[in-house]
Amino acid sequence: MAKKIVNTSNTLQIDFEKGAKKDGTSGPGFFRFRIIFAAFLFGVGTLLLVAFASNFFVGVADQSELEQGSIDVLNGSDIPVKNFAGLLGAKIAHFFLFRTFGWSSFLLIPLFYLSALKLGFKRELYPLDRLSWQVLFYIIWGSLVAGFLVFQLDLPHSLGGGVGFFINEKLNQLIGYLSVFLIMFVGFVFLVIFYQLNPKSSKAGSGLSQAKASRDLAEGLPTEFADDFIDEDGPSIHEDNEDLEVFRPIVPPEKGVEDINLEEILQPEEVAAEDDLSFTYKVAVEETPVEEVEDSSLAGQELKANDLVQQFGLYDPTADLPKYVYPTLDLLKEYDQKNQTTQVTMDELKENKEKIVETLLNYGIGIQKIEATIGPTVTLYEIIPKAGVRVSKITSLEDDLSLSLAAMGVRIIGQMPGKGTIGIEVANKNREMVPVRAVIGSEKFQKSTYDLPITLGKTISNEIFVADLAKMPHLLMAGATGQGKSVGLNMLLTSLIYKKHPATLKFVLVDPKKVELSLFNKLERHFLACLPDSEEAIITDTKKVVSTLNSLCKEMDMRYDKLKDAGCRNIKEYNQKFINRRLNPNEHDFMPYIVLVIDELADLMLTAGKEVEHPIARLAQLARAIGIHLVVATQRPSVNVITGTIKANFPARLSFKVMSKIDSRTILDASGADQLVGMGDMLLSMGSEVIRLQCAFVDTPEVEEICEFIGNQQGYASAYLLPEPDSEEMGGQDRGDFDPANRDSFFEEAARLVVMHQQGSTSLIQRKLKLGYNRAGRLIDQLESVGIVGSFGGSKAREVLVKSETELEEILKNL
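All values derive from a computational prediction rather than experimental measurement. (Residues numbered from 1 in each chain as written. Predicted model: local features only at pLDDT ≥ 70, side-chain atom pairs only at ≥ 80, totals over all residues. Heavy atoms only, no water.)

K.L.:
Where do I start with the pairing of strand β8 (residues 378-385) in this structure?
P.N.:
Every other side chain in a regular strand lies on the same face of the sheet, so the side chains alternate between the two faces. Burial within β8 is extensive, with 7 of its 8 residues counted as buried. Taking the residues between adjacent antiparallel strands as the criterion, strand β7 (residues 367-374) and β8 are bridged by 3 residues. Alignment of β8 against strand β10 (residues 422-427), held across 6 bridges, turns out to be antiparallel. Bridge pairing in β10 links L380 to E425. (Buried < 20%, exposed > 50% of the residue type's maximum accessible area, 1.4 Å probe, protein only. Helix = DSSP H or I, 4+ residues; strand = E, 2+ residues; numbered from the N terminus. Pairing = 2+ DSSP bridges.)

Rendered as structure tokens:
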């Protein structure tokens, strides 16, 4: 029984023709020829296997006997050979293993065996055409690789054969050791060309899937046909592979043949044949366009992205400013450290140790061991008390030690983190200045791979401190006037400017004092961001601060929407996806990091109150994932300024010297900031760890030179524009310029509140609606404009002109 599967349009046609195939390739004579030739190929493979294998054991002994010609093999010479395949096997092994290709010749054996299997039993474990090309290449290439090892390492000659040794000898004369790279390159080219890793052209396992389809088809056919369709040993697909190629595309990949009820849709048709009766069964199969399925899949999107990358390369966010030059270290002043008399002498160390031990002994505390670590500002003395001494007894002696040592800034650390010691920090008599050039130019900072690397100075062990602002993720700073807070802000901004490109980082600078951050004005077209209608990029007007904060909240929401559409969790994943061209540039864009710097929070909280607190708290809670980070500084770390809402969302806190322990506990949740010695001496709290640092000193002329260097370069057309905030979040309009169509979102609520209490008071609106004074005042003015309250009457509350809620509702309805 011969089977044939033919494709006609959208119909799968299966013909069962009784008798021999019309092409005459399945008759008894042809079958016997195939069996005989298959047995011959199997014998050749076995001869090679025995000859090659025995050559490993007796090849050296046979080599001297094989110099005679092949006539000895034909005439039955008495040459003594030990090869298990005789003289012929010895000759074959000598030719392949010694004179030509070496051990890679073993690849010929599976080629003969698989050829015999296909010819004799019509079974193809692996496509022979592909296998033949692979064997041919790997025999030659394997000989070259082995020949290189033989030539360089003096290994046995048979490893690579004569071909591999000869070619490597010539290559070594030509290019030396670089020949190995040439050989590997040839192998790489073959892998790329021959093994095309294209999912559309993958045919692996197609024979098995077609065999299963044939078996499923046979299950629905009449018994007399099913017996012939499936052999006892398994499915007999076809002798002609071309017919299989016709079969493959008819059934779409997502709709298998097993889903078709053949008994319902098969209709036999009698067809006249020469001697037999043949039946033709037609199976109607709906075709599904495979290209549409692939284009809608993620695999199709990745293929398109890969094509774009190959055509245009990865997206470069810095391409808009290709000639941008990072600021150099020459812009920073180099101080002569050798002339500074700041080194702690051995006499000072010895004197302080003796005073510490003596003072503790006066209170009955014995010391087992004491060690000192010298820092730029303070020296850390680590002590190990004798057994039975309570730690709290030592920590309570802070003032007594300070009196005994006659030194400022004595701070006792109850237990050193990760150590079994108690730390006592004592200020040095001669302090060491930490220049910004030594910190910025350090190897630790230059080689840092953080997303937002900042360096603030040195630790008490003289190590450069480098941290990632993106992981903090927000920083709250406090410090009394003149203690180094402004220098610390300049240091933070300078370190970011030295490491980041303008395309990847933007600053939103809020400076109510109007003079502290004005140095960075020249960076407007490079690093600064602002509202579209802003005259200056640095925000100094308190009224515009609320709009800017609300604008950042809107920017945050827009970025989260883009992350959701892109299927990303944070800005890093999103930007990487955009760089790899896997996002539509019409809907997405590259997101730079945004750092909001507020130099004086106390002034904003005093003038705007809740209008500032709420957006700051919202940004601190949510903005980390989309790359917006906050640095908020204040001179007065009181609970009225650093509220619980703000404090809870700033895990990283930095404190310079403050005036009282209460201020220290407000900012750090611990004492110690009141014991600092000033001039850049600071404590950084990140979680449960508190680190003492000496802030690096960056002078105003240095900042000006850096900004001048960047400002003179080509920049963007304008500052980075933030989105316009929603009008309802703008906090109303200026007094006396009220438009009823653009009234404040709290207008109706404030009107009802005033009418209900019959008291036109700004303080009433502040308390009940929890608004800032400015916004409450604007609401009173708007209520006056529509005739709900009377005019300003000095210290008295305004008169409420509307006496009932019914009258109020009528007014609101008319608006």
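K.L.:
Whenever I open this one, the pattern of salt bridges confuses me. Can you help?
P.N.:
Two side chains that carry opposite charge are able to pair once their charged atoms sit near each other. Applying the stated criterion across every chain yields a total of 27 salt bridges. The shortest N-O distance in the salt bridge between R778 and E611 comes to 3.6 Å. Residue R778 is found in helix α29 (residues 773-785), and its partner E611 is found in helix α23 (residues 610-622); the two are separated by 167 residues along the sequence. Comparing R778 with E611 shows no difference in burial state: the two are buried. (Salt bridge = Lys/Arg side-chain N within 4 Å of Asp/Glu carboxyl O.)

K.L.:
Honestly, the sheet that holds β10 in this entry has me stumped. Any pointers?
P.N.:
Two modes of strand pairing occur in sheets, parallel and antiparallel, and in both the strands are linked by backbone hydrogen bonds. Spatially, β7-β8-β10-β9 is the arrangement adopted by the 4 strands of the open sheet, whose pairing is antiparallel. Of all strands in the sheet, those bounded by a partner on one side alone are β7 and β9 (411-413). Looking at each pair of strands side by side, their axes are set apart by 20° on average, direction ignored. Packing of helix α14 (residues 346-362) onto the sheet brings it into contact with β7, β8 and β10, and relative to β8 it is tilted by some 40°. (Axes fitted to C-alpha atoms, helices over the stretch in contact; angles between N-to-C directions. Contact = heavy atoms within 4.5 Å.)

K.L.:
Could you clarify how one ought to interpret the packing of helix α6 (residues 161-175) against helix α7 (residues 179-194) in this entry?
P.N.:
Packed helix pairs are specified by the crossing angle of their axes together with the interaxial distance, meaning the distance between the axes. Contact pair α6 / α7: the axes reach a minimum separation of 9 Å and the direction vectors enclose 120°. Taken together, the axis directions place α6 and α7 in an arrangement best described as oblique. For the pair α6 and α7, the contacting residues are N168, L171 and I175 in the first and S179, L182 and I183 in the second. Looking at the contact of α6 with α7 residue by residue, the class counts come to 4 nonpolar, 2 polar and no charged. (Parallel < 35°, antiparallel > 145°, perpendicular 65-115°, else oblique. Nonpolar A, V, L, I, M, F, W, Y, C, P; charged D, E, K, R; others polar.)

K.L.:
Would you take a moment to explain the nonpolar core for this structure?
P.N.:
Side chains of a nonpolar character, in soluble globular proteins, are inclined to be buried together. Counting residues in each nonpolar core, the largest one holds 113 residues, and the members touching the most others are L475, F507 and F520. No other element matches helix α20 (residues 542-566), which puts 8 residues into this core. Excluding residues that lie within four positions of it along the chain, F507 makes contacts with L493, L496, I497, F527, L528, A529 and V595. Formed by 21 residues, the second largest nonpolar core is a distinct cluster that contains I765, L771, V800 and L812. (Core = buried A, V, L, I, M, F, W, Y, C linked by side-chain atoms within 4.5 Å.)

K.L.:
Quick question: what am I supposed to make of the packing of aromatic side chains here?
P.N.:
Working definition: an aromatic ring pair is given by the centre-to-centre distance plus the angle between the planes. Under the criterion given, the structure shown has 15 aromatic pairs. Ring centres of F137 and W141 lie 6.2 Å apart, and the angle between their planes is 15°; this geometry places the pair in the stacked category. Of the two residues, F137 and W141 both sit in helix α5 (residues 128-153), 4 residues apart, roughly one turn of that helix. For F137, a relative accessible area of 16% gives the class buried. On the numbers, 6.0 Å between centres and 40° between planes, the contact of F507 with F527 is tilted. Of this pair, F507 sits in strand β14 (residues 505-510) while F527 is found in the loop between β14 and β15 (529-530), placing the two residues 20 residues apart along the sequence. Of the residues examined, F507 reaches a relative accessible area of 2% and is grouped as buried. Site record: aromatic cluster; members linked through ring pairs are F137, Y138, W141, F190 and F194. (Phe/Tyr/Trp six-rings, centres within 6.5 Å; stacked < 30°, edge-to-face > 60°.)

K.L.:
How should I be thinking about α23 in this particular structure?
P.N.:
Along an α-helix, a turn takes 3.6 residues, which lines up residues three or four apart on a common side. Over its 13 residues, α23 extends 18 Å from the first C-alpha to the last, a length consistent with the 18 Å expected when each residue adds 1.5 Å. Every buried residue belonging to α23 is among E611, V612, E613, P615, I616, A617, L619 and A620, and all of these are buried. Against the buried residues of α23 lie α20, β16 (593-598), α22 (601-607), β17 (628-634), α24 (644-648) and α29. (Expected span 1.5 Å × (residues − 1).)

K.L.:
So what exactly am I meant to see when it comes to the packing of helix α28 (residues 762-769) against α29 here?
P.N.:
Across the interface, α28 lies against α29 with an axial gap of 9 Å and an inter-helix angle of 120°. Compared by their axis directions, α28 and α29 come out oblique. Here α28 runs over α29; the crossing is right-handed. Residue-level inspection shows T762, I765 and Q766 of α28 in contact with α29, the latter providing Y773, A776, G777, L779, I780 and L783. Along the lines of polarity and charge, the residues of the contact of α28 with α29 split into 6 nonpolar, 3 polar and no charged. (Left-handed = near helix turned anticlockwise from the far one by under 90°.)

K.L.:
Mind showing me how you'd approach a negative patch on the surface here?
P.N.:
Taken together, the side chains of D533, E535, E536 and E724 make up a negatively charged region of the molecular surface. Along the chain, E536 turns up in the loop between β15 and α20. Overall, the relative accessible area of 46% leaves E536 in the partly exposed class. (Patch = residues over 30% accessible without salt bridge, like charges linked within 9 Å, V, L, I, M, F, W, Y side chains within 5 Å. Areas by Shrake-Rupley, 256 points an atom, 1.4 Å probe, with all protein chains shown as cover. Lys, Arg positive; Asp, Glu negative; His and termini not counted. Charge placed at Lys NZ, Arg CZ, Asp CG, Glu CD.)

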